[in-house]
Amino acid sequence: MNGMRALLGLGIPLIAVSFSDDDSERAAAEARSAGVDVAELRIDRFSRTDAGHVRAQVRAFDGLPVLATVRSAAEGGGWTGGEEARLELFREVAPLVDAVDVELSARAIVADVVAAAHAHDAVAIVSYHNFDHTPDIAELDAVVRGAKEVGADIVKISTMATTTADLKVLASLLVNSGDTEMIVIAMGAIGTASRIFFPALGSRLTYTFIGHQPTSGQLDYAETSALIRKFHPAYDERKGAVDA
Ligand SMILES: O=C1C[C@@](O)(C(=O)O)C[C@@H](O)[C@@H]1O
């Protein structure tokens, strides 16, 4: 059974911690003992992306649900290689992980990445990132439609918020998402609230870090976990049961 799908099925918020390939064995042990729900492997930040190396990093996280991300430089990531090579990487990891994340803007490969995920029962997250601003609701609605058209199981929207009006745009996107599964994140200092409270509006996953803060507005794992437990009783109950 896909571990991430099982957790999503509980209908509680999930907390992901993002990792690169820096001492994966130690990082994975720390994640396991801290009770991290999902390990996001930022393959675009790996020192090497040959199949053997990538497979070994995924294996280090054995026992934890793994989300594989190979973020393009165009959307703030570290992948500067070609799209064919990126598709090959996704195909390589799809059988080994619980979920993949690919941008809708990766037009040449997005449908194939989704198909590779589905062929191996992995969750397909189709994402949109805007590190500059939060577009208006019509533009974001079009992104959501586009992501669903290519077969997204979850549509992820992460945009820079500079005003509370931006937060309202993103909140209304969530509130009106109907039966579309969504992850919505406001980046930046004003956006920090979204990382704790958008799960109450249905955002399925919140991203955190252990160690060095990768994205503005993120809170670290310990703080995120404490706040999610405080404000989401169902999450707290499940963690309490796991700890007992
Ligand atoms: O796209 C996202 C969201 C994110 O950028 C954030 O702002 O939390 C963190 C990334 O690791 C993840 O892939």
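So, how was this worked out
Residues numbered from 1 in each chain as written. Predicted model: local features only at pLDDT ≥ 70, side-chain atom pairs only at ≥ 80, totals over all residues. Pairing = 2+ DSSP bridges. Helix = DSSP H or I, 4+ residues; strand = E, 2+ residues; numbered from the N terminus. Axes fitted to C-alpha atoms, helices over the stretch in contact; angles between N-to-C directions. Near = placed C-beta within 6 Å. Nonpolar A, V, L, I, M, F, W, Y, C, P; charged D, E, K, R; others polar. UniProt positions renumbered as here; feature names shortened; annotations may be inferred. Contact = placed C-beta atoms within 7 Å. Buried ≥ 20, exposed ≤ 12 C-beta atoms within 10 Å, placed from the backbone. Arc of directions from axis to C-beta. Parallel < 35°, antiparallel > 145°, perpendicular 65-115°, else oblique. Core = buried A, V, L, I, M, F, W, Y, C linked by C-beta atoms within 7 Å. Left-handed = near helix turned anticlockwise from the far one by under 90°.

## Concerning the sheet that holds strand β6 (residues 154–160)
- The 8 strands are arranged β7-β6-β5-β4-β3-β2-β1-β8 in an open sheet whose pairing can be described as parallel. Only two strands of the sheet have a single partner each, and these edge strands are β7 (182–187) and β8 (205–208). For this sheet, the mean angle separating the axes of adjacent strands, direction not counted, is 25°.
- Inspection of the sheet shows strand β1 (residues 14–19) paired to β8 by 4 bridges, in the parallel sense. The residue bridging V17 from the neighbouring strand is T208, located in β8.

## Some details on the site of the ligand
- Close to the ligand lie 13 residues, the nearest being S18, T69, S158, Y207 and T215.
- Looking at the shell around the ligand, the elements that each hand over two or more residues are β2 (38–42), β5 (123–130) and β7.
- Considered class by class, the residues forming the shell around the ligand number 3 nonpolar, 7 polar and 3 charged.

## Re the UniProt feature "active site" (unreviewed entry) in the protein chain
- When the UniProt feature table is mapped to this numbering, "active site" (unreviewed entry) covers H129 and K156. In sequence the annotated residues extend across 28 residues, while in space they remain close, none of their C-alpha pairs exceeding 8.3 Å.
- Leaving out residues up to four positions away in the same chain, H129 has contacts with E75, G76 and S158.
- Secondary-structure assignment places K156 in strand β6.
- A tally of 25 C-beta atoms within 10 Å means that K156 is categorised as buried.

## Looking at the UniProt feature "binding site: 3-dehydroquinate" (unreviewed entry) in the protein chain
- As annotated in UniProt, the feature "binding site: 3-dehydroquinate" (unreviewed entry) corresponds to S18, E40, L41, R42, R71, R195 and Q218 in the numbering used here.
- Mapped onto the elements, R71 comes out in the loop between β3 (66–69) and α4 (83–93).
- Discounting residues that sit within four places of it in the chain, R71 has contacts with R42, D44, G76, G77, G78 and W79.
- Tracing the backbone shows R195 in helix α8 (residues 192–197).
- Exposure remark for R195: the 24 C-beta atoms within 10 Å place this residue in the buried category.
- For R195, the contacting residues outside a window of four places in its chain are I185, T206, G217, Q218, L219 and T224.

## A word on helix α2 (residues 24–34)
- Here α2 has its buried residues at S24, A27, A28 and A31. End-on view of α2: buried residues confined to an arc of 95°, all on one side of the axis. α2 presents E25, R26 and S33 as exposed residues on the side facing more than 90 degrees away from its buried surface.
- In this structure, the buried residues of α2 make contact with β1, β2 and α3 (51–60).
- Directly after α2, the chain includes G35, whose backbone phi takes a positive value near 80°.

## Considering the packing of α4 against helix α5 (residues 110–119)
- The geometry of α4 relative to α5 is characterised by a closest axis approach of 9 Å and an angle of 10° between their N-to-C directions. Relative to α5, the element α4 lies roughly parallel. In contact with L87, F90 and R91 of α4, α5 contributes D112, V113 and A116.
- Class assignment of the residues belonging to the contact of α4 with α5 gives a composition of 4 nonpolar, no polar and 2 charged.

## Comments concerning α5
- Listing the buried residues of α5 in full gives V110, V113, V114, A116 and A117. All buried residues of α5 fall inside an arc of 160° around its axis, so they share one side.
- Buried residues along α5 sit in contact with α4, β4 (99–103) and β5.
- D121 occupies a position one or two residues after α5 and carries a positive phi of about 60°.

## A short note on the nonpolar core
- Counting residues in each nonpolar core, the largest one holds 72 residues, and the members touching the most others are A39, V97, V100 and V126.
- The leading source of residues in this core is β7, at 6 residues.
- If near-sequence neighbours (up to four positions away) are discounted, V100 is found in contact with A68, F90, A94, V113, A117, A122, A124 and I125.

## Remarks on the packing of α3 against α4
- Interhelical geometry of α3 versus α4 gives an angle of 40° and a closest axis separation of 10 Å. Between α3 and α4, the crossing angle belongs to the class labelled oblique. In this structure, α3 crosses over α4, and the sense of that crossing is right-handed. Residue-level contacts link A51, V54 and V58 of α3 to L89, E92 and V93 of α4.

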